[in-house]
Amino acid sequence: MPRNAHTISRNQISENALKVLYRLHKSGFKAYLVGGGVRDILLGLAPKDFDVVTNAKPEEIKGLFRNSRLVGRRFRLAHIVFGRDVIEVATFRGHHNKSNDKISKSNAEGRLLRDNVYGTIEEDAERRDFTVNALYYDISDFSIRSYGGGIRDIQAGVIKMIGDPETRYREDPVRMIRAARFATKLNMQIAPETAEPIIRLSSLLQDIPAARMFEEVLKLFFSGKALKTFQLMNEHQLFTPLFPQITQLLAEDPQSPLAAMLEQVFKNTDTRIKEGKTVNPAFFYAAVLWYPLQQKARDIALESGLSVYDANIAAMGDVMEQQCQTIGIPRRFSTQSKDIWQLQLRLERNTGTRGFKLLEHPKFRAGYDLLLLRSEFETKEVKKLAAWWKSFVEASEEDRPDIARKAAKSGNRSRNSKPRRRRKPTASKSAKE
């Protein structure tokens, strides 16, 4: 598509991406803006990332940019760093030569383990996942190259795999959740032939390194379409390999509070994103794993005879450890999630005058928000507890002491608190005599 046949303007491309494109071009290399950056501008969206592809090798790219670093083991590429902005530059990918395992290698299931094979722009387009991503903006003449019918599929609103879908999913199973993410993000449909193998192959996601899945899940649920993404992933059975503990409980009781809680978490996440607010992964995981935690705590209490409080503390590590087997939640977030869970227990015990100290806890707000969320689906006792904390938090500093004293005098005790033992009355001296 020549410049006069499309709507992309250089004003819509980041200044740093243009710097990279121009330097590569002036140094005698081919340089293109590729993939999502081109796709999103054509759809009237604001791209989050601007990726560049070139015929320059990684070492040649590094030689051109002092502010670059080479990254990646499966496929070598360059990151050009401009402060907080990073422009990713890849070399055209080519087709595999099975005779050289040092540059390309796959396992028995067909998943690519090493992929340092370079080629032409045509080969690179064939190696991309979906046609809507096989779009190249040429900085030399400002034209767009579209491969596999990418422009046509954008206009039709269809997510279509390049090549045989089953083979491509086996090469990289993450492409299955990318199909779901693009479909919801771009308000498109997954083409029937692209969707057909997904349910059969969804279990392959269990073989993906857990650390990689953390970033992929953030893209899935922190892009403003969490609820729709969750529904589509359920339809294609992609949620199960990521959150097996949740899926097991849903299978046992589809009408449990867990189902309603999940839907509300996703709705709230979408609302925060649309309002331009941040979303803390620690709170997200604390909320979606709350009911698996409660089930595990009940099992531990039944088996060991521990109190509800102690069983919950023991269950926290087990539930988080199991989740981290499929999604590698960094410790900085998993530790915060456990703090939020523990606050649920402390919020039950610390009404009254002890509430003042709890207000100073660094994760109090997150724990309080989870309590309010739980109160929408749980018992009258939880609703009553949440109502008290809400009145306490929203009260003025002058009114809080009075609210705390009334709660302390009421003598209400948590369901997790053990009743005090009464001392046996001692006989008086007269009685003994």
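See the structure shown above.
In this text the structure is predicted, and so the values were computed from the model without any measurement.

**So, the pattern of salt bridges**
Piece 1. Enumeration according to the criterion identifies 20 salt bridges in this entry.
Piece 2. Ionic pairing is found between Glu166 and Arg200, a salt bridge with its closest N-O pair at 3.3 Å. In this pair, Glu166 sits in helix α6 (residues 165-171) while Arg200 sits in helix α9 (residues 198-201), placing the two residues 34 residues apart along the sequence.
Piece 3. Between Arg365 and Asp369 there is a salt bridge, with its nearest N and O atoms 3.5 Å apart. Highlighted residues: Arg365 and Asp369, both in helix α19 (residues 364-375), separated by 4 residues, approximately one helical turn.
Piece 4. For Asp369, a relative accessible area of 29% puts it in the partly exposed group.
Piece 5. Sharing partners across several salt bridges, the network here consists of Glu166, Arg170, Glu196 and Arg200.

**Some points on the packing of helix α14 (residues 281-288) against α19**
Piece 1. It is the contact of α14 with α19, at a shortest axis distance of 11 Å, that shows an interaxial angle of 35°. Pair α14 / α19 crosses with right-handed handedness. Between α14 and α19, the contacting residues are Phe283, Ala286 and Ala287 on the first element and Ala366, Asp369, Leu370 and Leu373 on the second.
Piece 2. Broken down by class, the residue content of the contact of α14 with α19 amounts to 6 nonpolar, no polar and 1 charged.

**Here's the deal with helix α1 (residues 15-26)**
Piece 1. Compared with an ideal rise of 1.5 Å per residue, which puts 12 residues at 16 Å, α1 spans 16 Å between its outermost C-alpha atoms and is within 8% of the ideal.
Piece 2. What α1 keeps buried is the set Asn16, Ala17, Leu18, Val20, Leu21 and Leu24.
Piece 3. Buried residues belonging to α1 abut β1 (31-34), β2 (51-54), α3 (58-64), β4 (77-82) and β5 (85-91).
Piece 4. Where α1 terminates, the next one or two residues include Gly28, which has phi positive at roughly 95°.

**Quick notes on the packing of aromatic side chains**
Piece 1. Counted by the stated rule, this structure contains 21 aromatic pairs.
Piece 2. Judged by centre distance (5.6 Å) and plane angle (85°), the rings of Tyr136 and Tyr147 are edge-to-face. Of this pair, Tyr136 sits in strand β8 (residues 135-138) while Tyr147 sits in the loop between β9 (144-146) and α5 (150-156), and the two are 11 residues apart along the sequence.
Piece 3. Between Phe284 and Tyr285, the ring centres sit 5.3 Å apart and the planes meet at 90°, which makes this aromatic pair edge-to-face.

How each quantity is defined
- Residues numbered from 1 in each chain as written.
- Predicted model: local features only at pLDDT ≥ 70, side-chain atom pairs only at ≥ 80, totals over all residues.
- Heavy atoms only, no water.
- Salt bridge = Lys/Arg side-chain N within 4 Å of Asp/Glu carboxyl O.
- Helix = DSSP H or I, 4+ residues; strand = E, 2+ residues; numbered from the N terminus.
- Buried < 20%, exposed > 50% of the residue type's maximum accessible area, 1.4 Å probe, protein only.
- Axes fitted to C-alpha atoms, helices over the stretch in contact; angles between N-to-C directions.
- Left-handed = near helix turned anticlockwise from the far one by under 90°.
- Contact = heavy atoms within 4.5 Å.
- Nonpolar A, V, L, I, M, F, W, Y, C, P; charged D, E, K, R; others polar.
- Expected span 1.5 Å × (residues − 1).
- Phe/Tyr/Trp six-rings, centres within 6.5 Å; stacked < 30°, edge-to-face > 60°.

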